[in-house]
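Single-letter residue listing:
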Amino acid sequence: MRALTDWFDAHARPLPWRSAAGVRAAGGPRADHAWGVFLSEVMSQQTPISRVEPIWREWIRAWPTPADLAAATPAEVLRSWRHLGYPRRALRLLEAAAAITRDHGGRVPAAEADLLDLPGVGAYTAAAVSAFAFGRRSVVLDTNVRRVLGRVTGGLALPRPHLRRDEQRGAAALVPADPAAAATWNAAVMEFGALVCTAAAPDCSACPLTSCAWREAGYPADVFRRRRQSWAGSDRQARGRIMAQLRESPERTAAELAAGVPAAAPAGQHERALASLLADGLVAQVAGGYRLPS
């Protein structure tokens, strides 16, 4: 699938974390490229790049190295996370920065095994950072990559809900042996899935591949049942509403938080959301009410 890397050379977005020069231009002369990649990979999990990039730029300017972030407070980090969603990621980044500073001399480790030891880092993030920050050969399998490979080689509209070993083996067999070529390959397939071979509206007219099992099978529909929860009215939205209130002011009383609950909200949802935020360490209870953790 050399056609995909050729496509990537011509169409890749100029994202600042894709080069050391781009990271330094965004964060200053002290900004570390590997750290910029690490931030981008955690921030972009389940979040569109269009929302990630402006927040990433703020973070790399404020905290250009892991040691800089490690010196921040949870409240500062959560406030700066703003609207990216899944704010536990912000606390895991703070914990990872502390671990990198303490255990790795302030430098993001290159080996996948060392990356996996960091708080909040899973197989995808470890593989992506190893590939994109250090040019190592790894098998990067995010939703976009899985969708592209599933369509091209397996004829599936969308990948299985859960990653299986046979899918991992098939993806690994396609990654070039040369580390630099492998890093480019991973980036190319991911970008192609994000821009062309998308989930809802793939632009097959722009596809550079001459062979695609899904296309040749007549674009069969998705065969796997998937559970999807609407954001509107969900507990996640209720949690987000509380976090937004606490980012706006240092402290809120219980009555002030409750005043922001829509009349149509399900009974008990606000209390359930607040309790879950307290359990996750995203909110702290004080004598006068609630605040972000210090």
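Please read these numbers as outputs of a predicted model, since none were measured by experiment.

A. Focus on the nonpolar core. Ranked by size, the top nonpolar core spans 83 residues in total, and within it Trp-35, Phe-38, Trp-56, Trp-59 and Leu-69 carry the most contacts. If we skip the residues at most four places from it in the chain, Leu-69 touches Trp-35, Trp-59, Trp-63, Val-77, Leu-93, Leu-94 and Ala-97.

B. Focus on unusual backbone geometry. A positive phi angle, close to 55 degrees, is found at Arg-82, a residue other than glycine. Overall, the relative accessible area of 34% leaves Arg-82 in the partly exposed class. If you check the backbone angles, Tyr-219 has positive phi at about 55 degrees while not being a glycine. Counting through the fold element by element, Tyr-219 comes out in the loop between helix 13 (213-216) and helix 14 (235-248).

C. Structural detail: the pattern of salt bridges. Overall, the coordinates contain 15 salt bridges when judged by the stated rule. Asp-32 serves as the salt-bridge partner of Arg-107, at 3.1 Å between the closest nitrogen and oxygen. With Arg-107 in the loop between helix 7 (88-103) and helix 8 (112-116) and Asp-32 in the loop between helix 2 (20-27) and helix 3 (33-43), the pair connects residues that are 75 residues apart, well separated along the chain. Residue classification places Arg-107 among the exposed residues on the basis of a relative accessible area of 52%. Through salt bridges with shared partners, a single ionic network connects Arg-13, Arg-18 and Glu-191.

D. Expanded view of the side chain of Asn-186. Checked against the element boundaries, Asn-186 lands in helix 12 (residues 179-195). In contact with Asn-186, not counting residues within four places along its chain, are Ala-131, Phe-132, Ser-138, Val-139, Val-140, Val-145 and Val-175.

E. Spotlight on the environment of Glu-248. By the element assignment, Glu-248 lies in helix 14. For the pair Glu-248 and Arg-82, spaced 166 residues apart in sequence, the C-alpha separation works out to 9.9 Å.

F. Spatial organisation of the packing of aromatic side chains. Scanning the model with the defined rule gives six aromatic pairs in all. Centre to centre, the rings of Trp-35 and Phe-38 are 5.8 Å apart; their planes meet at 15 degrees, and the pair counts as stacked. You can see Trp-35 and its partner Phe-38 sitting in helix 3, three residues apart, about one turn around the helix. Assessed through its relative accessible area of 0%, Trp-35 is described here as buried. Ring centres of Trp-59 and Trp-63 lie 4.9 Å apart, and the angle between their planes is 80 degrees; on these two criteria the pair is classed as edge-to-face. Residues Trp-59 and Trp-63 agree in their burial class; the two are buried. Three or more aromatic residues joined by ring pairs form one cluster here, namely Trp-59, Trp-63 and Trp-81. One residue, Arg-151, lies across the ring of Trp-214, its end atom 4.4 Å from the ring centre.

Conventions we followed
- Residues numbered from 1 in each chain as written.
- Predicted model: local features only at pLDDT ≥ 70, side-chain atom pairs only at ≥ 80, totals over all residues.
- Heavy atoms only, no water.
- Core = buried A, V, L, I, M, F, W, Y, C linked by side-chain atoms within 4.5 Å.
- Buried < 20%, exposed > 50% of the residue type's maximum accessible area, 1.4 Å probe, protein only.
- Contact = heavy atoms within 4.5 Å.
- Helix = DSSP H or I, 4+ residues; strand = E, 2+ residues; numbered from the N terminus.
- Salt bridge = Lys/Arg side-chain N within 4 Å of Asp/Glu carboxyl O.
- Phe/Tyr/Trp six-rings, centres within 6.5 Å; stacked < 30°, edge-to-face > 60°.
- Lys NZ or Arg CZ within 6 Å of the ring centre and 35° of its normal.

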